[in-house]
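Fold and geometry: a report
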Amino acid sequence: YNGPARGGTRGGKDLFDWEDVKEDKYNQNYLGHSVKAPVGRWQKNKDLDWYRKKSKFDLAAAQKAELEIAKEREKDLMAQMLGEKPM
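The sections below set out a description of the structure shown in this document. (Residues numbered from 1 in each chain as written. Predicted model: local features only at pLDDT ≥ 70, side-chain atom pairs only at ≥ 80, totals over all residues. Heavy atoms only, no water.)

Moving on to the overall build of the protein. Scanning the protein from terminus to terminus reveals three helices and zero strands. The order of helices and strands in the protein, counted from the N terminus, is α-α-α. Expressed as a percentage of its 87 residues, the buried residues of the protein come to 7%. Nonlocal contacts in the protein, meaning residues at least 24 apart in sequence, comprise 0% of its contacts between residues at least 6 apart. Counting only carbon and sulfur atoms, one obtains 54% of the accessible surface of the protein, whose full area is about 8600 Å². (Helix = DSSP H or I, 4+ residues; strand = E, 2+ residues; numbered from the N terminus. Buried < 20%, exposed > 50% of the residue type's maximum accessible area, 1.4 Å probe, protein only. Contact = heavy atoms within 4.5 Å. Areas by Shrake-Rupley, 256 points an atom, 1.4 Å probe, with all protein chains shown as cover.)

Quick look at the structure:
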């Protein structure tokens, strides 16, 4: 393999621009047009990139806390079964 058979960008990738899609008459035909080229009233004051932003909820810390609670409970139950701690 020595590279592409033809030079240049195939498919017009270098000519494509989302700003052109916003103004296109058929902009609803583009996949992802609602995020890349928002047009219309429903997008106004909306966070269209919400899925790409980091969550305020720290999942790793929540999982660690839940694991600690489970381990403590198991430890207490084991101590009760062995008679080290009253039921």
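Moving on, we come to the environment of Ala79. Tracing the backbone through its elements, the reader meets Ala79 in helix H3 (residues 59-81). Excluding residues that lie within four positions of it along the chain, Ala79 makes contacts with Glu84 and Lys85.

This paragraph deals with H3. Helix length check: H3 (23 residues) gives 33 Å between terminal C-alpha atoms against 33 Å at 1.5 Å per residue, within 8%. A positive phi of about 85° marks Gly83, the residue just after H3. (Expected span 1.5 Å × (residues − 1).)

Summarising the element assignment, Asn27 is placed in the loop between helix H1 (18-23) and helix H2 (33-36). Taking relative accessible area as the criterion, Asn27 reaches 9% and is therefore assigned buried. Sequence separation between Asn27 and Val39 is 12 residues, and the spatial gap between their C-alpha atoms is 8.8 Å.

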